[in-house]
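If you want the building blocks of each chain, they are given just below.
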Amino acid sequence: MNIGDGIALAEFVQRRERVLRALGPSVGLVLAGDGAPPLSGRWLPDWNFYYLTGIRDEAGAAILFDPRAEDPKKRCTLLLRPLNPELEEWDGLRDRISEKLKKATGFQTVLRAGSLARLLTVAARKRKRVACLHPFSTYPAEVSPDLALFRRVVERTVGVAIEDRSTLLAEMRAIKSKAELAVMQRAVNASARGFGAAVRVIRPGITERDVQRAVEGGFAEGGADGPGYNSIVGSGLNGCVLHYMDNSCPCEDGDLVVIDAGARVGGYTADVTRTYPVSGRFTPEQRDVYTVVLRALAAATKAVRPGVHMSDVEAPARAIIEKAGYGDFFPHGIGHQLGIEVHDVTPDGPLKAGMVVTVEPGVYIQAKELGVRIEDDVLVTPRGGRSLTDAIPKDIADIEAAMRK
Ligand code: GLY
Ligand code: MN
Ligand code: MN
């Protein structure tokens, strides 16, 4: 079992203890989710489960929280799927339950998942309250997994209330610890290597795919585990497609190329966008649009501080873009929370110190085949926003100088 990704085991234990304290008397459940079929890509855990355990290779696992359990060792139980040696011969060997495994996971009680139904029912009957920790889903989707199980328990007993604690983990995940910020800085540093590699290869005729390869090669050289999300490399008109994925066209002389990519280190991803002139020099019109977006980025970054909402961060950027006459060409929000997921969980309420958000204004004029987005990752500090991605050049003079080399 692989655990940690740069975060100490003690920190995962502390996170679970915080959940136990926050639950009061209520029973909680966090599920890792099920596996994708073999060969169709790597299985990924539910990110709340990952945040609480650091475990990313145990499909079907669960954490049962019972804060009022008489035996303190049973307040937080890790449940793992039974071993299946024939399956594991294909998909990867798994550990037996042992003292060594308990030490490695920081759980004092580790059981097989077959015990979950009995443990959950008994705990719910005793405590009379079960708390939903997974975010609720919207109605066309499946019911959130803990609520689905709680409903089955409630159907078979009486007097158990289901309560909504679905914002707790979002609130915890949004405030980054020192260790998380250190891992995120490593993700940013690896991203800088990727963008540096892009600047070296961009020239007329190179394909978006080759630029993507250069970016992701730079991530790897910078120590990344890989890209944190599908890298976007869109030149010309493709730069106007916000989540462009083909990355298959040649970059043409005179076009801009939008690169939105972030390295993943450990469990955390960066999310960076830079826009480069394929020829190495911006045209006057590109320069004009680029300058507006860059000013919008600076104004929005300056607006980041504890106590404000993302709408307050967006307002000055939108005002600049609208005043320049490009209001209709900025169709998306100014940014989002960043962390384990590229669009990370969003807690209610204003920004707080310790959060990391993206700031990413853009202007996309399809008729001119001209898209510009510039995206930084910004730490909310008590004194205001601090960009983590400033080392990746974004001033026109710096970009043109780097591309001349
Ligand atoms: N990379 C997706 C985004 O910037 O939101
Ligand atoms: Mn992005
Ligand atoms: Mn983003």
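Residues numbered from 1 in each chain as written. Chains lettered and ligands numbered in written order. Predicted model: local features only at pLDDT ≥ 70, side-chain atom pairs only at ≥ 80, totals over all residues. Heavy atoms only, no water.

Participant: Sorry, what's going on with the packing of aromatic side chains here?
Facilitator: To describe a pair of aromatic rings, one takes the distance between the centres and the angle between the planes. Counted by the stated rule, this structure contains two aromatic pairs. Ring geometry for W47 versus Y50: centroids 5.5 Å apart, planes at 85°, classification edge-to-face. With W47 and Y50 both in helix α2 (residues 47–53), this residue pair falls three residues apart, about one helical turn. Assigned by exposure class, W47 and Y50 land together as buried. Between the aromatic rings of F282 and Y290, the centroid separation amounts to 4.8 Å while the plane-to-plane angle is 55°, which identifies the pairing as tilted. Summarising the burial analysis for this pair, F282 and Y290 share the class buried. Against the face of F107 rests R16, its NZ or CZ located 3.7 Å from the ring centre. Taking the ring centre of F330 as reference, the NZ or CZ of R318 above it sits at 4.1 Å. (Phe/Tyr/Trp six-rings, centres within 6.5 Å; stacked < 30°, edge-to-face > 60°. Helix = DSSP H or I, 4+ residues; strand = E, 2+ residues; numbered from the N terminus. Buried < 20%, exposed > 50% of the residue type's maximum accessible area, 1.4 Å probe, protein only. Lys NZ or Arg CZ within 6 Å of the ring centre and 35° of its normal.)

Participant: Could you clarify how one ought to interpret the coordination of the manganese ion (ligand 3) in this entry?
Facilitator: Each donor-metal-donor angle in an ideal tetrahedron of four donors is 109.5 degrees, and each such angle in an ideal octahedron of six donors is either 90 or 180 degrees. Protein coordination of the manganese ion (ligand 3) is provided by D271 (OD), H336 (NE2), E360 (OE) and E375 (OE), with donor distances spanning 2.0 to 2.2 Å. Of note is the manganese ion (ligand 3), whose six donor atoms meet at the metal with angles of 50 to 156° in an arrangement that counts as irregular. Sequence spacing of the donors to the manganese ion (ligand 3): D-x64-H-x23-E-x14-E. Between the manganese ion (ligand 3) and the manganese ion (ligand 2) the interatomic distance amounts to 3.3 Å, and D271 serves as a bridging ligand to the pair. With a gap of 104 residues between them, D271 in the loop between β11 (268–269) and β12 (272–277) and E375 in the loop between β15 (370–373) and β16 (376–381) connect regions that are remote in the sequence. The class of D271 is buried, set by a relative accessible area of 3%. (Donors = N, O, S within 2.8 Å, 3.2 Å for Na, K, Ca; no water. Tetrahedral: all angles 85-135°; square planar, octahedral: opposite > 155°, others 65-115°.)

Participant: Sorry, what's going on with the coordination of the manganese ion (ligand 2) here?
Facilitator: For the manganese ion (ligand 2), the full set of protein donor atoms is D260 (OD), D260 (OD), D271 (OD) and E375 (OE), at a range of 2.0 to 2.4 Å. Viewed at the metal, the six donor atoms of the manganese ion (ligand 2) are separated by angles of 57 to 171°, and the geometry they form is irregular. For the manganese ion (ligand 2), the donor residues sit on a single chain with the sequence spacing D-x10-D-x103-E.

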